[in-house]
Amino acid sequence: MSTPASRPRPGAVHAVAGVCLEKSRLTCGTYLPTVQGQFAPLGATVEKAQTSAGGPLNTALRTAMDAAGLSPRQLAVRTGVTSKTVERWLADAELTPHARNRDDACRALGVDEDMLWPKVVKDRIKSGGDLEITQTYPYRSAAPSALWADLTEDATQDILLAGYTGYFLWSQVPRFSEVLSRKVQSGCRVRFLIGDPEGEVTRQREVVEATALSVSTRIRITLEHLARLAPLEGLEARYSAPEDAVNHVSLSVFRFDDDALVTPHLARLVGHDSPLLHLRRRSEGGMFDRFAEHAEELWGRGLPIGN
């Protein structure tokens, strides 16, 4: 007797055909994989069906993809992963993608993270001293691709970029010079605090890093970009004072109104290989204020560029 065409063949890969709402329960067409590796027939509810990994299907992600008209391959392109990775996200709601991938997926689908991966949001709820820590990244380069651009665009009052070189911002933020010009013209204060390319601390750091793109070269790249922006009233730039250079080179603070990105520079590592903290001000005297005050103190003693 032949096997019905609609019944899955052993070893074959089967995608969930579709999702529809019926009596407040999500129902999938065709067959759904069960925890035993078998398949539930048409009409089985998602709340009962499970993958071979044992986790429930991520029906919220499937629904969001359907609403956005994106296939797994298309979402994969938007998030910089493979189609197989997106299929794994769909197959197991307990699987938590990397923070950067979650952020890019939510942007592509136009939904909030708590809709797709609520457990992550629940685990992120904080109290006490860490309340202002929005996110942490083991490497600065691991931060979401749009984070720097979004914070720059959203700032309306004060941008203080107190990184020792700051050169990477022009590659990280699309049309960065134009964005800065627009910000200044709209009344936002924009400040750069960078290291002195001729300073002794700069030379010492170059020996420690031992990279082809030296610290002084990276600072001069920033100086060239700033020179092209001049004259621009409201854009300020200073070198950190010689007595502050050691503190400056070891800790970068980038402030965007009430958000800040902080990078403590580890020994022998350049900025993109060092950790990154995303802070958001929620109370007086918290983590945000401590780092903001540090940057303001260095700025206050800084030397105007050209003097």
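Quick look at the structure, then.

Calculation notes
- Residues numbered from 1 in each chain as written.
- Predicted model: local features only at pLDDT ≥ 70, side-chain atom pairs only at ≥ 80, totals over all residues.
- Heavy atoms only, no water.
- Phe/Tyr/Trp six-rings, centres within 6.5 Å; stacked < 30°, edge-to-face > 60°.
- Helix = DSSP H or I, 4+ residues; strand = E, 2+ residues; numbered from the N terminus.
- Buried < 20%, exposed > 50% of the residue type's maximum accessible area, 1.4 Å probe, protein only.
- Lys NZ or Arg CZ within 6 Å of the ring centre and 35° of its normal.
- Expected span 1.5 Å × (residues − 1).
- Pairing = 2+ DSSP bridges.
- Contact = heavy atoms within 4.5 Å.
- Axes fitted to C-alpha atoms, helices over the stretch in contact; angles between N-to-C directions.

### Overview of the packing of aromatic side chains
Logical step 1: One pass over the structure, following the stated rule, counts 7 aromatic pairs.
Logical step 2: Seen from their ring centres, Trp170 and Phe192 are 5.6 Å apart, and the 20° between their planes marks the pair as stacked. A residue pair is termed long-range when its members are at least 10 positions apart, and Trp170 in helix H8 (residues 169-172) and Phe192 in strand S7 (residues 189-194) qualify at 22 residues.
Logical step 3: The exposure class assigned to Phe192 is buried, which follows from its relative accessible area of 0%.
Logical step 4: Members of the aromatic cluster, joined through ring pairs, are Trp148, Phe168, Phe254 and Phe256.
Logical step 5: In this structure, Arg140 packs its charged tip against the face of Phe168, placed 3.6 Å from the ring centre.
Logical step 6: Geometry around Trp299 places Arg191 over its ring, the cationic atom sitting 5.2 Å from the centre.

### With respect to helix H11 (residues 215-229)
Logical step 1: Between its terminal C-alpha atoms H11 stretches 22 Å, which fits the 21 Å expected from 15 residues at 1.5 Å a residue.
Logical step 2: Among the residues of H11, Val215, Ser216, Arg218, Ile219, Thr222, His225, Leu226 and Leu229 are the ones counted as buried.

### What about the sheet that holds strand S6 (residues 158-162)?
Logical step 1: Read from one edge to the other, the open sheet built from 8 strands follows the order S5-S11-S10-S9-S6-S7-S8-S12, with strand pairing classed as mixed. Each having just a single partner strand, strand S5 (133-137) and strand S12 (303-304) make up the two edges of the open sheet.
Logical step 2: Pairing of S5 with strand S11 (residues 276-280), which is carried by 4 bridges, proceeds in the antiparallel orientation. Bridge assignment links Gln135 to a residue of S11, and that residue is His278.
Logical step 3: Together, S7 and strand S8 (235-239) form the strand contacts of H11, whose direction differs from that of S7 by roughly 150°.

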